[in-house]
Amino acid sequence: MKFLKLLVFSGISILGAFSLLVVTRVINPGETVNALWLVVAAACVFIIAYRFYGSFLAAKVMSLDDSRETPVTTMADGRDYHPTNRWVLLGHHFAAIAGAGPLIGPVLAAQFGYLPGTLWILIGAVFAGAVHDFVILVASMRRGGRSLARIARDEVGPITGLASAIAVLFIIIIALAGLGLAVVNALTHSPWGTYTIFMTIPIALLMGVYMHSVRPGRVSEVTVIGVTLLILAVVTGHYIPGSWAAPMFDHGKGTLVLSLAVYGFLASVLPVWLLLAPRDYLSTYMKVGTVAILAAGVIFLAPEIHMPAVTQFVDGGGPVIPGKVFPFMFITIACGAISGFHSLISSGTTPKMITRETDAKMIGYGSMLIEGFVGIVALVAATILIPGDYLAINSMLTPSELAAIGFPVSRLAELSAMVGVDVANRPGGAVSLAVGMASIFSALPGMKALMSYWYNFALMFEALFILTTIDAGTRVARFLVQEFAGHAYRPLGRIDWMPGIVGASALVVAAWGLLIYGGSVSTIWPMFGVANQLLAGIALSVGTTVLIRSGRARYAWVTVVPLAFIAVTTFTAAHLLFYGFLDKAAADPARAFTFRLNAGLVGLMAGLSLVVLLDSAYKWYVYLGSGVWRSPSTSAADDDVIDVPAWEE
């Protein structure tokens, strides 16, 4: 059996290495690259990383041990702390972290060429993003499911705790508003998409009741029921437009914002087993299933990558992202490689539902690798388009202007006719991703006449991806608000006290709902990439402190190395954005206030992150100098962290 495993993983390693050599044009440098090599390279890299680097993190760095009790075994309340099947929890966690980032970020970054984004996703997901998610999940799991801000205060100190709390709350509200706006834009006057998304709610409620009260523990049964109903919802949704039911699901921005707010409130208030977990688990089947079919389609069709490996825009001046590849590609592709938002889920809902420590490897480390694979598939969907067509969709330039800079438009009119929508000048990434996905699906045998169907399906798929981040994010934000409010009035800090739950949930929903309704979030959306990566830096700083205090300083490099890279790239981007906004304020007096506000918010986030980094570095110096790292953690919530479990031996 050991020889067979060695043979299998050796074969995967060789195939992955060969694929990477093709992708990087070391082999056949004069030929165009086939998209299947990107998919194969990503699959091989992530499989090897999970088996070996993930196992190293689980056994050596964090010493996962099932003999330790998880929070749900001692704090179960049936609402937030609820024991959850690990496959259901994997679905919830993946659905919660995989929002718009792994879909939209790689599509926008494709303007730099296919190679920079591919390498960043592969390297970043393995050595930065998955490590970030896994370490924070285990740290929270061993501290009663505490939030990132609370862990920062307990492990580093009150200064870092306060700075982290402000940064986290700021980022999560902005993130939820931005993601919510994307959902609203995708579903506005789209009865098919709205119907299908709506139907996932009663299906999830049925699944929750079935697993909790009707047939407890029968995950396979409820999976068959849920997936069958979901497929019916997708298929029947195609017949909603033009039918008698169309007015029920054909809504404008105002109604959709209100509906989204009501859903977010219910997802935050209701027991986690009733709506949140089953809906995320259900949507994961659609997410993973769609991505798997896309990947299989790429391998079967072997489409050519039309985008060059590296374009002229790496030096700046691109029509999609004006900045240079460094640092702006690294903040544009956030969730596909590393995302600070993930730390909020890893220290929010997930650690309160996990039943065994060793499941943290699959849920924390594995989910991020799956998301990285999603990012690669999204990048493929964008780069198989003719570069001129891709730029015509994602910018406001005319065909003649694009031809003048060396990117002639080729099939734009044909693509518009095939999907039934004029796709020109539709920036943001969503439309070009949908066109790319539809192109792959419709190229499969017998699917050519269904291009418009697949285009609308892809838009609905993107909305579903984003919506599952909003529900979990709202619940996490509610935890944070209750932590804050508990300092003023202690009962508000109790997550089992209904008035506090309702009040905090309403406050969070109102905050991001008003931002969406007013549309003001669009003025600060460019900052979200910077803010998100700054939060990742905060989480890695806290994770490093946890490792040092728990007696594992020799392994601190696993968080320090990605922290150093993230700090350099993100502070550089923050610096450029800050002065860029000030320059725009001077050049455009009519919008000066907005640009100065943007500059101030970027400066605030960068300042908070710098405080956390410097305070953490000082504490590392103190801990290492005092020898704290040589003994078990002084944190009462981190029992026997340095014990080596038997299975590691």
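Here the residue index of a chain counts from 1 through its sequence in written order. This being a predicted model, a pLDDT of at least 70 is required before a residue's local features are given, and a value of 80 or more before pairs of side-chain atoms are given or counted; all residues contribute to the totals for chains, interfaces and linings. Side-chain calculation: all heavy atoms of the structure are included, whereas hydrogens and water are not.

Draft legend 1. Examining the overall build of the protein more closely. Numbered from the N terminus, helices here are DSSP runs of H or I no shorter than four residues, and strands are runs of E no shorter than two. The secondary structure content of the protein amounts to 26 helices and zero strands. The size measure is the radius of gyration over C-alpha atoms, and the globule rule it meets is 2.2 Å times the number of residues to the 0.38 power. Relative to the compact-globule value of 26 Å for 649 residues, the protein shows a C-alpha radius of gyration of 24 Å, a close match. Considering only C-alpha atoms, the protein reaches an extent of 70 × 65 × 55 Å along its principal axes. Each residue is assigned to one of three classes by its accessible area relative to the maximum for its type, calculated with a 1.4 Å probe on protein chains only: buried under 20%, partly exposed between the two thresholds, exposed over 50%. Scored against the burial criterion, the 649 residues of the protein give a buried share of 59%. Of the contacts made within the protein by residues no fewer than 6 positions apart, 84% connect residues no fewer than 24 positions apart. Summing over all exposed atoms, the protein offers an accessible surface of approximately 24,200 Å²; the carbon and sulfur share of this is 69%. Of the side-chain charges in the protein, 37 are positive and 34 negative, and the distance between the mean point of each set is 3 Å. Residue contacts follow a heavy-atom distance rule, with two residues in contact if any of their heavy atoms lie within 4.5 Å. To measure how exposed things are, a 1.4 Å probe is used in the Shrake-Rupley method; for residues, cover is taken only from the protein chains shown. In this tally, Lys and Arg are treated as positive and Asp and Glu as negative; His is ignored, and so are the chain termini. For charged residues, the charge sits on one atom: NZ in Lys, CZ in Arg, CG in Asp, CD in Glu.

Draft legend 2. Region of the structure containing the packing of aromatic side chains. Only centres within 6.5 Å qualify two rings of Phe, Tyr or Trp (six-membered ring in Trp) as a pair; their planes then separate them into stacked at under 30 degrees, edge-to-face at over 60, and tilted for everything else. By the definition in use, this model includes 17 aromatic pairs. A ring pair is formed by phenylalanine 56 and tryptophan 557, whose centres lie 6.0 Å apart and whose planes are at 25°; its orientation type is stacked. Of this pair, phenylalanine 56 sits in helix α2 (residues 35–61) while tryptophan 557 sits in helix α25 (residues 557–587), and the two are 501 residues apart along the sequence. Using a relative accessible area of 43% as the deciding quantity, one classes tryptophan 557 as partly exposed. Both rings, one in phenylalanine 581 and one in phenylalanine 595, keep their centres 6.4 Å apart while their planes meet at 25°; by these two values the pair is stacked. Placement of phenylalanine 581 in helix α25 and of phenylalanine 595 in helix α26 (residues 592–626) is noted, with a sequence separation of 14 residues between them. The same class applies to phenylalanine 581 as to phenylalanine 595, namely buried. Our definition puts a charge over a ring when NZ of Lys or CZ of Arg is within 6 Å of the ring centre and also within 35 degrees of the ring normal. A cation over an aromatic ring shows up here: lysine 361 above the ring of tyrosine 50, its NZ or CZ 4.4 Å from the ring centre.

Draft legend 3. How the structure looks around unusual backbone geometry. The linkage connecting phenylalanine 326 with the following residue, proline 327, adopts the cis geometry, with an omega of 10°. With respect to the helices and strands, proline 327 occurs in helix α14 (residues 325–332). Of note, the phi angle at arginine 25 is positive, near 65°, even though the residue is not glycine. Examined against the element boundaries, arginine 25 turns out to sit in the loop between α1 (2–23) and α2.

Draft legend 4. Region of interest: a nonpolar patch on the surface. Residues Met1, Phe3, Leu4, Leu6, Leu7 and Val8 make up a contiguous nonpolar surface patch of roughly 680 Å² in combined accessible area. Turning to its location among the elements, leucine 4 is positioned in helix α1. Patch membership requires over 30% relative accessible area and the absence of a salt bridge. Like charges are linked within 9 Å, and nonpolar side chains (Val, Leu, Ile, Met, Phe, Trp, Tyr) within 5 Å. The term salt bridge refers to a pairing of a side-chain nitrogen on Lys or Arg with a carboxyl oxygen on Asp or Glu at a separation within 4 Å.

Draft legend 5. Summary view of the nonpolar core. For our purposes a nonpolar core is just a set of buried Ala, Val, Leu, Ile, Met, Phe, Trp, Tyr and Cys residues, chained together by side-chain atoms within 4.5 Å. Ranked by internal contacts, the top residues of the largest apolar core, which has 213 residues, are Phe46, Phe134, Ile172, Tyr365, Tyr390, Ile470 and Trp512. No other element matches the 19 residues that helix α21 (residues 451–488) contributes to this core. Here tryptophan 512 is in contact with Ile173, Leu176, Ala177, Leu260, Ala261, Gly264, Ile470 and Thr474, once residues within four sequence places are set aside.

Draft legend 6. Just empty space enclosed by the protein, in detail. In this analysis the probe radius is 1.4 Å and the grid spacing 1 Å, with only protein atoms considered; a cavity is a set of points the probe fits into but cannot get out of, a pocket is an open set with protein on both sides within 12 Å along at least five of seven lines, and lining residues have an atom within 4 Å of a point. Grid points are joined across faces, edges and corners, and a volume is the space filled by probe spheres set on the points. The tally for this structure, following the rule as stated, stands at four cavities of 30 Å³ or more. Counted as a void, the largest cavity has a volume near 80 Å³. For the lining of the largest cavity, the secondary structure elements donating two or more residues are α24 (528–549), α25 and α26. Taken together, the residues that form the lining of the largest cavity break down as seven nonpolar, five polar and no charged. In this structure, the second largest cavity occupies an estimated 40 Å³ of space. Along its surface, the second largest cavity is lined by Leu103, Val291, Leu294, Val374, Val377, Ala378, Ala381, Leu433, Met437 and Phe461. Broken down by secondary-structure element, the contributors of at least two residues to the lining of the second largest cavity are α13 (276–301), α16 (359–383) and α20 (430–442). Here the lining of the second largest cavity gets four residues from one element, more than from any other, and that element is α16. For the lining of the second largest cavity, a count of residues per class yields ten nonpolar, no polar and no charged. Throughout this entry, Asp, Glu, Lys and Arg are counted as charged residues, while Ala, Val, Leu, Ile, Met, Phe, Trp, Tyr, Cys and Pro are counted as nonpolar. The remaining residues, Gly among them, count as polar.

Draft legend 7. Structural context of the pattern of salt bridges. Going through the model one piece at a time under the given rule, you end up with 14 salt bridges. For the salt bridge of arginine 150 with aspartate 154, the shortest nitrogen-to-oxygen distance reads 3.3 Å. Taken as a pair, arginine 150 and aspartate 154 lie in helix α7 (residues 148–155) at a separation of four residues, close to a single helical turn. Among the ionic contacts, a cluster of salt bridges with common partners joins Asp66, Arg86, Arg356 and Asp359.

Draft legend 8. A look at the layout of surface pockets. Considering only enclosed or pocket space, the second largest pocket measures out at about 690 Å³ in volume. Lining the second largest pocket are 27 residues; nearest its centre among them are Ser147, Arg150, Arg153, Glu483 and Gly493. Taken together, the elements giving at least two residues each to the lining of the second largest pocket come down to α7, α8 (158–187) and α21. A total of seven residues in the lining of the second largest pocket trace back to one element, the largest contributor, which is α21. The residue makeup of the lining of the second largest pocket, split by class, is ten nonpolar, nine polar and eight charged.

Draft legend 9. Representation of the confidence of the model for the protein. Across the protein, the average pLDDT comes to 84, with 94% of residues at or above 70. A score from 0 to 100, pLDDT tells how confident the predictor is in each residue. Predicted confidence in the protein is weakest over helix α23 (residues 521–524), with a mean pLDDT of 50, and strongest over helix α6 (residues 114–141), with 96. Note on residues 631–649: pLDDT under 50 across the span, and 45 contacts to partners over four residues away in sequence or across chains.

Draft legend 10. Quick peek at the environment of leucine 379. For leucine 379, the location among the structural elements is in helix α16. Sequence spacing of leucine 379 and aspartate 615 is 236 residues, and the spatial spacing of their C-alpha atoms is 38 Å.

Draft legend 11. Just the packing of helix α19 (residues 412–419) against α21, in detail. Lines fitted to C-alpha atoms define the axes, with helix axes restricted to the stretch in contact, and inter-axis angles between N-to-C directions lie between 0 and 180 degrees. Contact pair α19 / α21: the axes reach a minimum separation of 7 Å and the direction vectors enclose 85°. Classified by the angle their axes make, α19 and α21 are roughly perpendicular. For the pair α19 and α21, contact is made by Leu415, Met418 and Val419 and by Met451, Ser452 and Tyr455, respectively. Oblique is the label for any angle not covered by the other classes, which are roughly parallel (under 35 degrees), roughly antiparallel (over 145) and roughly perpendicular (65 to 115).

Draft legend 12. Representation of the side chain of histidine 82 in the model. Mapped onto the secondary structure, histidine 82 falls in the loop between α3 (71–75) and α4 (86–97). Under the relative-accessibility criterion, histidine 82 is labelled buried at 17%. Ignoring anything within four residues of it in the chain, the contact list for histidine 82 reads Val72, His212, Val272, Trp273, Lys352 and Met353.

Draft legend 13. Seen up close, the environment of aspartate 250. Along the chain, the position of aspartate 250 falls in the loop between α11 (246–249) and α12 (253–269). Aspartate 250 sits in the partly exposed class, given a relative accessible area of 34%. When the C-alpha positions of aspartate 250 and threonine 194 are compared, they lie 7.5 Å apart, and in sequence the two are 56 residues distant.

Draft legend 14. Seen up close, the side chain of threonine 160. Along the polypeptide, threonine 160 turns up in helix α8. The class of threonine 160 is buried, set by a relative accessible area of 0%. Under this definition, polar contacts are N or O atom pairs within 3.5 Å; protein pairs additionally need one hydrogen-donor-capable and one acceptor-capable atom, and for neighbouring residues in sequence, both atoms have to be side-chain atoms. A polar contact of 2.7 Å, which involves the side chain of threonine 160, links it to the side chain of aspartate 615. Ignoring anything within four residues of it in the chain, the contact list for threonine 160 reads Ala152, Val611, Val612, Asp615 and Ser616.

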